[in-house]
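# Analysis of the macromolecular model
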Amino acid sequence: MRATNNGKDRGVSLPKTPTGIQGLDEITFGGLPKGRPTLICGSAGCGKTLFSIEFLVHGATRFNEPGVFIAFEETEEDLRKNVASLGYDLKDLADRKKLVIDYVHIERSEIEETGEYDLGGLFVRLGYAIDSIGAKRVVLDTIESIFAGLPNPSILRAELRRLFRWLKDKGVTAIVTGERGDGTLTRQGLEEYVSDCVILLDHRTREQISTRRLQIIKYRGSIHGTNEYPFLIDERGISVLPITSIALEHKASSERISSGVTRLDAMLGGKGYYRGTSILVSGIAGTGKSSLAAHFVDAACRRGEPCVYFATEESPDLIVRNMRSIGIDLGPWVKKGLLRFDATRPTFHGLEMHLLRMHKLVGETNARVVVVDPITSYISLGDTLEVKSMLSRLIDFFKAHQITAFFTSLTEGGSALEQSEVGISSLMDTWMLLRHIESNGERNRGIWVLKSRGMAHSNQIREFVFTDHGIELIDVYLGSAGVLTGTARAAQEAQEKAEALLRRQDLERKERNLAHRKEALEAKIAALRAEFETEKEELEKDIIEQKQHEGVLEQDRAAMAKSRKADASSNNRPNGQRGE
Amino acid sequence: MMNLKKICAEHLANKYRIELIDLLENPQLARGDQIVAIPTLVRNLPMPMRKIIGDLSNTERVLVGLDLRPAAAAKG
């Protein structure tokens, strides 16, 4: 959005009067110029009168500014009836002197012009009405009617000029409505006189869907949004959709919140999504996108955070029932008011209307988490560019309010699964893909985290399984045949288990073997040792005996020698010398 | 006002009554009679009501407005 500053110093802006109309005060950065007239033009039925009435009603009820409505086309009674459905009690306001409605009726056929005249009567009425309640706001709807009723346009133009000067002098903030002309903003060229602020209302129907738009053509002395803003009229009046971010100035939170599935949090850097980010889950029908959404919402409600679930294809009852079958009960959250469902068919109204509706609901509920399931239903409403524009505005809005948004996208089956998403996925911070994996006559589901900004995420596929206590993620098998899931995985796992068992058993057997060998060896050693001991004993005995024997022999010899009275010298002789 | 008196005297000969209302003194009456232009001469009787606006300088038109002369004759 481009904001234009019409030459005035940015720091000094003229004083403004808040309109109280939702969204309008934002785009005008404060409201309409105070004490000046604003022109609202548009074709019949585009909402000029309603805008004007709301301006006065809000002025009277919220800003303590009584107002005067000069009606040229509807009687007081008509006006009261028309706005009663919005909950505006004009009679009550009149009784409390907060509002005066003066119906000015100029019947052409009654009138004959006979000379110079002026619109003094109108001035008198207006002045009287303003003074009687101290009005600060005035509406003239639609003053161009005087040109139909009274002759002499040049007098009328002069009087109009005088009227607007008079209004400025009175210090009232006025809205003047005008009917759209052919090629001009208003039929009678009111834009010449009312040049402080000009707002154009438009009501278009395209392909059976009607859209209302508002554009600030001019706002002298103030910055303002210059785009066309869609607005809707519902049972509470007018809501204008402002584009919330001028620049990409969103704050980035570093808080992490759980996805509701523990192993998925593990895939997402261990902690889950960043708060305030946008998350996209793509997949063909039946892959489990809504279930992931339900987990996310369930986790948020457990934390006490209000959630809004925009269901574009299935009814809330159906969703709640389906989720129960996998163990997620959203019913209690709905009862507690933490979870709000909104199921509106996308074809019900235009893109902008949906945007507006979402804005309003999120604002009412103060939701921290929003689900749009699926977002692809809106694609039928406009061309890709428009849808992308709507999406980016939606995401902008969520980010600006730190709302974590979870989108599901239904893709067609086929190989171009990921390509068709590229446009939308570029707006998202986290993108997950749910896909069927077929092998061996089976179809299982797998989930990938294709991207997740700002965190280290797993790039590996996990098998995605529905159990009666929710979604579970299981590691897939990466075997030589590729990814194995489902029973193939189970089979492979069983096989591996068996092999592991065998190896273990083999190991044990070897260990036992070793133990035996050791025992045997030790036994042998023991036997040898025993043998050795025995031999040793015997040998030692022999040695002792021998020694003893030697000892005895020696003794004997000595004794014999003694008995032979041999002396020392005889000892030299050998034994043959004895006995002569 | 002078113009009015003159026309009345000339064409209505005592068959009229003039009431002068000053809106500055009685502003609320403007609403009731649906007065927008000033000056406005309101002819209440005979019915239908006619509003003749302007300073009455164009006598022909005044007479047409008062239904005292058919419109075709007055080309002023």
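Residues numbered from 1 in each chain as written. Chains lettered and ligands numbered in written order. Predicted model: local features only at pLDDT ≥ 70, side-chain atom pairs only at ≥ 80, totals over all residues.

Bringing the overall build of chain A into the picture now. Tallying secondary structure elements over chain A gives 15 helices and 27 strands in all. Burial statistics for chain A: of 580 residues in total, 41% are counted as buried. (Helix = DSSP H or I, 4+ residues; strand = E, 2+ residues; numbered from the N terminus. Buried ≥ 20, exposed ≤ 12 C-beta atoms within 10 Å, placed from the backbone.)

Let us look at the overall build of chain B. Secondary structure summary: chain B contains 3 helices and 2 strands in total. Reading chain B from its N end, one meets helices and strands in the order α-α-β-β-α. Split into buried and exposed, the 76 residues of chain B put 26% on the buried side. Long-range contacts, defined as pairs at least 24 residues apart, comprise 21% of the intrachain contacts of chain B with a sequence gap of at least 6. (Contact = placed C-beta atoms within 7 Å.)

Residues and elements named next belong to chain A. Strand order in the open sheet formed by 9 strands is 19-18-20-21-17-22-23-24-25, with mixed pairing between adjacent strands. Bordering the open sheet on either side are strand 19 (339-343) and strand 25 (470-475), each of which pairs with just one other strand. In this sheet, adjacent strand axes meet at a mean angle of 25° when their direction is disregarded. Inspection of the sheet shows strand 17 (residues 278-283) paired to strand 21 (residues 404-410) by 6 bridges, in the parallel sense. For Leu280, the partnering residue across the bridge sits in strand 21 and is Phe407. Most of the contacts of helix 15 (residues 486-563) go to strand 23 (residues 442-452), to which it runs at about 90°, and overall it touches strand 22 (430-439), strand 23 and strand 24 (462-467). (Pairing = 2+ DSSP bridges. Axes fitted to C-alpha atoms, helices over the stretch in contact; angles between N-to-C directions.)

What follows is about the interface of chain A and chain B. Each partner contributes residues to the interface: chain A has 22 residues there, and chain B has 26 residues. Where the side of chain A that touches chain B is concerned, the elements lending two or more residues are strand 7 (111-113) and helix 5 (120-133) of chain A. In terms of residue count, the dominant contributor to the side of chain A that touches chain B is helix 5 of chain A (7 residues). Looking at the side of chain A that touches chain B residue by residue, the classes come out as 9 nonpolar, 6 polar and 7 charged. Pairing geometry for strand 7 of chain A and strand 2 (residues 50-53) of chain B, over 3 bridges, is parallel. Across the sheet, Glu112(A) pairs through a bridge with Ile52(B), a residue of strand 2 of chain B. (Nonpolar A, V, L, I, M, F, W, Y, C, P; charged D, E, K, R; others polar.)

All names here are of chain A. Along the chain, Ile233 falls in strand 13 (residues 228-234). Overall, the presence of 16 C-beta atoms within 10 Å leaves Ile233 in the partly exposed class. Residues Ile233 and Met353 lie 120 residues apart in sequence; the distance between their C-alpha atoms is 9.6 Å.

Further remarks concern helix 5 of chain A. With 14 residues, helix 5 of chain A should cover 20 Å at 1.5 Å per step; its first-to-last C-alpha distance of 20 Å lies within 8% of that length. Of all the residues in helix 5 of chain A, the buried ones are Gly121(A), Leu122(A), Val124(A), Arg125(A), Leu126(A), Tyr128(A), Ala129(A) and Ile130(A). In this structure, the buried side of helix 5 of chain A is in contact with strand 5 (67-71), strand 6 (99-103), strand 8 (137-141) and helix 7 (153-170) of chain A together with helix 2 (28-32) and strand 1 (40-43) of chain B. (Expected span 1.5 Å × (residues − 1).)

A word on the pairing of strand 2 of chain B. When a strand is regular, its side chains alternate between the sheet's two faces. Bridge count for strand 1 of chain B against strand 2 of chain B is 4 bridges, and the pairing is antiparallel. Its bridge partner lying in strand 2 of chain B, Val42(B) is registered against Lys51(B).

Let's shift gears to the sheet that holds strand 7 of chain A. Judged by pairing direction, the sheet is mixed, and its 3 strands sit side by side in the order 7(A)-2(B)-1(B) without closing on themselves. Edge strands, defined here as strands with exactly one partner in the open sheet, are strand 7 of chain A together with strand 1 of chain B. Recorded for the sheet is a direction-independent mean angle of 20° between the axes of neighbouring strands.

Residue and element names in this part refer to chain A. Burial analysis of strand 8 places 5 of its 5 residues in the buried class, which makes it a mostly covered element. On strand 8, burial covers both faces: Arg137, Val139 and Asp141 on one face and Val138 and Leu140 on the other are all buried. The sheet contact formed by strand 5 and strand 8 spans 5 bridges and is parallel. Paired with Phe69 across the two strands is Val139, which belongs to strand 8. Pairing of strand 8 with strand 9 (residues 173-179) involves 4 bridges; the strand directions are parallel. For Val139, the partnering residue across the bridge sits in strand 9 and is Ile175.

Cis geometry is found at the peptide bond from Asp141(A) to Thr142(A), where omega equals -10°. Geometrically, the link from Asp373(A) to Pro374(A) is a cis peptide bond, its omega value of -15° lying close to zero. Among the secondary structure elements, Pro374(A) is positioned in the loop between strand 20 (369-373) and helix 13 (384-400). Phi is positive for Gln34(B), which is not a glycine, with a value near 55°. For Gln34(B), the location among the structural elements is in the loop between helix 2 and strand 1. A count of 19 C-beta atoms within 10 Å places Gln34(B) in the partly exposed class.

The next thing to look at is the nonpolar core. All names here are of chain A. Core analysis: the largest hydrophobic core is formed by 153 residues, its most contacted members being Ile70, Val138, Val240, Val297, Cys307 and Val370. Take this core: its biggest share by element is 8 residues, from helix 9 (residues 289-302). Residues from two domains meet in this core; each of domain 1 (3-240) and domain 2 (256-475) gives at least three. Here Val138 is in contact with Gly67, Val68, Ile130, Leu167, Val172 and Ala174, once residues within four sequence places are set aside. (Core = buried A, V, L, I, M, F, W, Y, C linked by C-beta atoms within 7 Å. Domains from an automatic or database assignment.)

Residue and element names in this part refer to chain A. Among the secondary structure elements, Leu200 is positioned in strand 10 (residues 197-206). For Leu200, a count of 21 C-beta atoms within 10 Å corresponds to the buried category. Residues Leu200 and Gly178, spaced 22 residues apart in sequence, show a C-alpha to C-alpha distance of 9.7 Å. Contact partners of Leu200, with chain neighbours within four places excluded, come to Cys41, Gly42, Leu185, Gln215 and Ile217.

All names here are of chain A. With 90% of its residues at a pLDDT of 70 or more, chain A has an overall mean of 84. This stretch, residues 1-11, has a pLDDT under 50; its non-local contacts, to residues over four places away or in other chains, come to 19 contacts. Overall, residues 576-580 carries pLDDT values under 50, and its contacts beyond four positions in sequence, including any with other chains, amount to 1 contact. (pLDDT = per-residue confidence, 0-100.)

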